[in-house]
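Descriptive analysis of the structure
Listed below, chain by chain, are the residues.
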Amino acid sequence: MTIRILCDFDGTVTEHDNIIALMKEFAPPAAFEPLKKGVLDRSLSIQSGVGQMFRLLPSDRKQDYVDFLEQRAVIRPGFKTLLAFAKSNRIDFAIVSGGIDFFVEPILKGLLTDEAIYCNGSDFSEETIRIEWPHACDAACNNQCGCCKTSIARKLKQDGDVIIAIGDSVTDFELAKQAEHVYARDYLITLCEQHGIPYTPFETFYDIVEHLQTTEVYA
């Protein structure tokens, strides 16, 4: 049996959502706000909404976007402690993120290898940013997730494995429905409560480590 932690990035590892911050800073509000609302109320698929959002951003400002996000990104307290705990207890840890490679990978540099990061790709060769979907939905999912966290879980999971989901928002909801245990904060708590999904709330990764240490199956 392998315990596999699949952890969200935006608003989970980082204290704020990087896509929302990027759009507020660089995208036209009149165009961005309806797309954000559509993703949150699920009238737009994540893939469609996020793809359209990044089409609002000129490709020639890539370094401005990277600099802006690297300067403002705050890693939630306890993340390094959780990574060390997972390593010492032979728990497989991966980032599963609806974020984009051009900022997810630089922010996590030195903490995780790129092989442990599943996120969306990006193409800056056109006038505006085109998002690529290397982890799109498999045959068992038709939600147009973009980075399909349940598909990644199905690909990684072997018989007897335990999946632990950590997240904060609508992008983590489908994975939360399938995981053996969920650590939730912010809007994901609302969704879990609305749909009767058991979860453990957290504010920092220290909370998660403390709970893992006192939970028999992970001892």
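Residues numbered from 1 in each chain as written. Predicted model: local features only at pLDDT ≥ 70, side-chain atom pairs only at ≥ 80, totals over all residues. Heavy atoms only, no water.

Stated formally: UniProt positions are given in the numbering used here, feature names are shortened, and annotations may be inferred rather than shown by experiment.
Taking an unreviewed UniProt entry as the reference, the protein is identified by name as 2-hydroxy-3-keto-5-methylthiopentenyl-1-phosphate phosphatase belonging to Exiguobacterium antarcticum. Comment text from UniProt for the protein, heading Function (unreviewed entry), reads "Dephosphorylates 2-hydroxy-3-keto-5-methylthiopentenyl-1-phosphate (HK-MTPenyl-1-P) yielding 1,2-dihydroxy-3-keto-5-methylthiopentene (DHK-MTPene)." Within the UniProt record for the protein, the comment given under Catalytic activity (unreviewed entry) is "2-hydroxy-5-methylsulfanyl-3-oxopent-1-enyl phosphate + H2O = 1,2-dihydroxy-5-(methylsulfanyl)pent-1-en-3-one + phosphate".

**Looking at the pairing of strand β5 (residues 162-167)**
What counts, and what does not: Think of it in three bands: with a 1.4 Å probe and only protein chains considered, a residue is buried below 20% of the maximum accessible area for its type, exposed above 50%, and partly exposed in between. To qualify as a helix, a DSSP run of H or I must reach at least 4 residues; to qualify as a strand, a run of E must reach at least 2; elements of each kind are numbered from the N terminus. At least two bridges found by DSSP between two strands are what make those strands a pair.
Taking burial as the measure, the 6 residues of β5 include 6 buried ones, the bulk of the element. A two-sided burial pattern is seen for β5, the buried positions comprising Val 162, Ile 164 and Ile 166 on one face and Ile 163, Ala 165 and Gly 167 on the other. In terms of strand pairing, strand β1 (residues 3-7) meets β5 through 5 bridges, oriented parallel. The partner of Arg 4 across the bridge, within β5, is Ile 163.

**Some words on the sheet that holds strand β3 (residues 117-123)**
Under the convention used in this document: Throughout, a contact is declared for two residues whenever any of their heavy atoms are within 4.5 Å. Fitted lines through C-alpha atoms give the axes, limited to the stretch in contact for helices. The angle between two N-to-C directions lies from 0 to 180 degrees.
Pairing is mixed across the open sheet formed by 7 strands, whose spatial order is β4-β3-β2-β1-β5-β6-β7. Pairing within the sheet leaves two strands with one partner each, and these edge strands are β4 (130-132) and β7 (200-201). Examined bridge by bridge, β5 and strand β6 (residues 181-184) share 4 bridges and lie parallel to one another. Bridge pairing links Gly 167 to Ala 184 in β6. In the packing of helix α7 (residues 149-156) onto the sheet, contacts are made with β1, β2 (92-100) and β3, and the angle to β2 comes to roughly 155 degrees.

**Topic: unusual backbone geometry**
For Arg 90, which is not glycine, the phi dihedral falls at a positive 55 degrees. Positionally, Arg 90 belongs in the loop between α5 (79-88) and β2. Notably, Gln 144 is not glycine yet its phi reads approximately 50 degrees, a positive angle. As for its placement among the helices and strands, Gln 144 is situated in the loop between β4 and α7.

**Thoughts on helix α6 (residues 101-108)**
Turning to α6, its buried residues number three or more, namely Phe 102, Phe 103, Val 104, Ile 107 and Leu 108. In the core, the buried residues of α6 are packed alongside α1 (18-26), α3 (46-54), α4 (62-72), α5, β2 and β3. In the segment just after α6, Gly 110 is the residue with positive phi, at about 90 degrees.

**Here's the deal with the packing of aromatic side chains**
Formally: Two rings from Phe, Tyr or Trp (for Trp, the six-membered ring) form a pair when their centres are within 6.5 Å of each other. A pair whose planes differ by under 30 degrees is stacked, one over 60 is edge-to-face, and the rest are tilted. Lysine and arginine charges are scored as sitting over a ring when NZ or CZ, respectively, is within 6 Å of the ring centre and within 35 degrees of the ring normal.
By the definition in use, this model includes 8 aromatic pairs. Between Phe 79 and Phe 93, the ring centres sit 5.9 Å apart and the planes meet at 65 degrees, which makes this aromatic pair edge-to-face. Of this pair, Phe 79 sits in helix α5 while Phe 93 sits in strand β2, and the two are 14 residues apart along the sequence. The class of Phe 93 is buried, set by a relative accessible area of 10%. Three or more aromatic residues joined by ring pairs make a cluster, and in this case those are Phe 54, Phe 102, Phe 103 and Phe 124. Here the guanidinium or amino end of Lys 62 rests over the ring plane of Phe 124, the centre of that ring lying 4.7 Å away.

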